[in-house]
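So the chains spell out like this:
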Amino acid sequence: MMCKFVIFIIVLFGCTYVYSDVTIPHSPITIDRAKGKTILLFIQLPCQSEGEKYCTGMYSINMKNNKMNFIFSFNDWKVISVFSVNIPGKPVFVLSTKTSDVKNLKGKYYRALQFEVIEGNDGVYVDFFPKEPQYDKFNYCFDGIDENNNIVSCSFKDSSSIRKELINIYRGI
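Residues numbered from 1 in each chain as written. Predicted model: local features only at pLDDT ≥ 70, side-chain atom pairs only at ≥ 80, totals over all residues. Heavy atoms only, no water.

Caption draft 1: Structural context of unusual backbone geometry. The residue Asn66 is not glycine, and still its phi comes out positive at about 55°. By the element assignment, Asn66 lies in the loop between β3 (54–62) and β4 (67–75). Despite not being glycine, Asn75 has its phi angle at roughly 50°, a positive value. Structurally, Asn75 is set in strand β4. Judged by relative accessible area, Asn75 falls into the partly exposed class, the value being 32%. (Helix = DSSP H or I, 4+ residues; strand = E, 2+ residues; numbered from the N terminus. Buried < 20%, exposed > 50% of the residue type's maximum accessible area, 1.4 Å probe, protein only.)

So this is what it looks like as C-alpha cells:
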C-alpha cells in the first residue's frame, strides 16, 4: 500500500527520482475539522541546494477538492513530532531537530513551528505564514554542551512539554 502511495506522489510531481531516493520521514497526519479533512505528508527527496543531501518537504492534501499543496521545506531538520493542543481554531505544530554544526557546541537544536489550519468552503488546508510570529522559546532551543563545556538542557524538546506550555499560554496563565 505504501509503495503505491509513494509512486502516486512521484507521478503527481512529475519527478524523475528513482523510488529508492524517496523516503517518508514521518507518517501522514490527518486533520479533521468541521469543513473537511486534510492530510499532511512529509516527503524526503534529494535537495536541489548544495551542501544538503536530503530535504524534507511538507505537503497538504485537501480531501474536499483533492488538491495537493507544498507548505514548507524543513531542509536538513528531522521531523520528530506533529501535534496540536486540541483547541478549536488553534494551529498545528511540527517539532523538528538538527544536530549542531557549530564548532564549539555539541548537541541538538529543537524547534516547533506553527502551521495554520484554514477552513473554507473549498475544504481544509494547512499553510505556513513566515511573517506570523512564532513562539521564540520553542525555536532553536539547544540541548547539549555549550562553548564553555556547560550542560544546557532544552525544556521544549518533546511535544508534551510544548503542548503543556501552549495550553498555559492560550489560557493566559
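Caption draft 2: Seen up close, the side chain of Ser100. Turning to its location among the elements, Ser100 is positioned in the loop between β6 (92–99) and β7 (106–120). A distance of 3.2 Å separates a polar side-chain atom of Ser100 from the backbone nitrogen of Val102. Within the structure, the side chain of Ser100 is placed 3.5 Å from the backbone oxygen of Leu105, a separation counted as a polar contact. Apart from residues lying up to four places away in sequence, Ser100 is in contact with Leu105, Gly107, Lys108, Tyr109 and Phe142. (Polar contact = N/O pair within 3.5 Å; in protein donor to acceptor, adjacent residues only side chain to side chain. Contact = heavy atoms within 4.5 Å.)

Without other data, these values stay purely geometric and don't point to any function.
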